[in-house]
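Now for the letters of each chain:
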Amino acid sequence: EHQLGLAVDFRAGGCELECFRSTSAYKWLRTHAHEYGFIERYPRGKEDVTGYGAEAWHWRYVGEDVATDMRTQKVLTLEEYYDMPVGML
């Protein structure tokens, strides 16, 4: 995802990786990222679906339409949204 230019890793101040989850920037992203076409790629509690550990800092661009549709449907992962098996994306 990074190599394709579709993902970005966020940090806030000196806080990066897992501590990013406790920042106001993370809370803002959880509320507004879909408006800009981003989703949290590896959300906590979905490790069995994505095949990856949770990464609060890793956000993927999927476009405003898909991100908003995922939020409306309360779907947290691309695997669930596209009905794909673990590890296929």
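Residues numbered from 1 in each chain as written. Predicted model: local features only at pLDDT ≥ 70, side-chain atom pairs only at ≥ 80, totals over all residues. Heavy atoms only, no water.

## Quick notes on the side chain of Glu-40
So the rule is basically this: A run of H or I in DSSP counts as a helix once it spans at least four residues, and a run of E counts as a strand once it spans at least two, with each numbered from the N terminus. Between N or O atoms, a polar contact is any pair within 3.5 Å; within protein, one atom must be a potential hydrogen donor and the other a potential acceptor, and residues adjacent in sequence are included only when both atoms are from side chains. Should any heavy atoms of two residues lie within 4.5 Å, those residues are considered in contact.
By the secondary structure assignment, Glu-40 is in strand E4 (residues 38-42). There is a polar contact of 3.0 Å between the side chain of Glu-40 and the side chain of Tyr-26. The contacts of Glu-40, once residues within four sequence positions are left out, are Arg-21, Tyr-26, Arg-30, Glu-55, Ala-56, His-58, Trp-59 and Leu-76.

## Looking at the pairing of strand E5 (residues 55-61)
Going by this rule: Note on classification: 1.4 Å probe, protein chains only; a residue is buried when its accessible area is under 20% of the maximum for its type, exposed when over 50%, partly exposed between these limits. Following DSSP output, two strands are said to pair if at least two bridges run between them.
Within E5, five of the seven residues are buried, which leaves it mostly tucked inside the rest of the structure. In this sheet, E5 lies alongside strand E1 (residues 7-9) in antiparallel orientation, the contact comprising three bridges. Its bridge partner being in E5, Asp-9 is matched across the sheet by His-58. Summarising the sheet, E4 and E5 pair through four bridges and their orientation is antiparallel.

## Thoughts on the state of the cysteines
As a reminder, the rule being used: Defined by distance alone, a disulfide is two cysteine sulfur atoms within 2.5 Å.
By the definition in use, this model includes one disulfide. Covalently, Cys-15 is tied to Cys-19 through a disulfide, its sulfur atoms 1.9 Å apart. Residue classification places Cys-19 among the partly exposed residues on the basis of a relative accessible area of 35%.

## As for the pattern of salt bridges
The criterion, for reference: Salt bridges are counted wherever a side-chain nitrogen of Lys or Arg sits within 4 Å of a carboxyl oxygen of Asp or Glu.
Tallied over the entire structure, the rule returns eight salt bridges. A salt bridge links Glu-1 to Arg-41, with the shortest nitrogen-to-oxygen separation between them at 2.7 Å. Residue Glu-1 is found in the segment before E1, and its partner Arg-41 is found in strand E4; the two are separated by 40 residues along the sequence. Residue classification places Glu-1 among the partly exposed residues on the basis of a relative accessible area of 22%.

## Some details on helix H3 (residues 64-73)
The condition that has to hold: Directions are taken from the helix axis to each C-beta atom, and the arc is the one they span.
Looking only at H3, the buried set comprises Val-66, Ala-67 and Met-70. Buried residues along H3 cover an arc of 100° about the axis, so they all sit on one side. Those residues of H3 that are exposed and aimed more than 90 degrees away from the buried face are Asp-65 and Thr-72. Buried residues in H3 make contact with E4 and helix H4 (78-81). With its phi angle positive at about 60°, Lys-74 sits one or two positions after the end of H3.

## Concerning the packing of aromatic side chains
Where we set the bar: Two rings from Phe, Tyr or Trp (for Trp, the six-membered ring) form a pair when their centres are within 6.5 Å of each other. A pair whose planes differ by under 30 degrees is stacked, one over 60 is edge-to-face, and the rest are tilted.
For the structure on display, the rule yields seven aromatic pairs. Between Phe-10 and Phe-20, the aromatic rings sit 6.3 Å apart at their centres with planes inclined by 15°, giving stacked as the arrangement. Here the residue Phe-10 occupies a position in the loop between E1 and strand E2 (11-12), and Phe-20 occupies one in the loop between strand E3 (15-16) and helix H1 (24-32), the gap between them amounting to ten residues. Among the residues examined, Phe-10 registers a relative accessible area of 28% and is labelled partly exposed.

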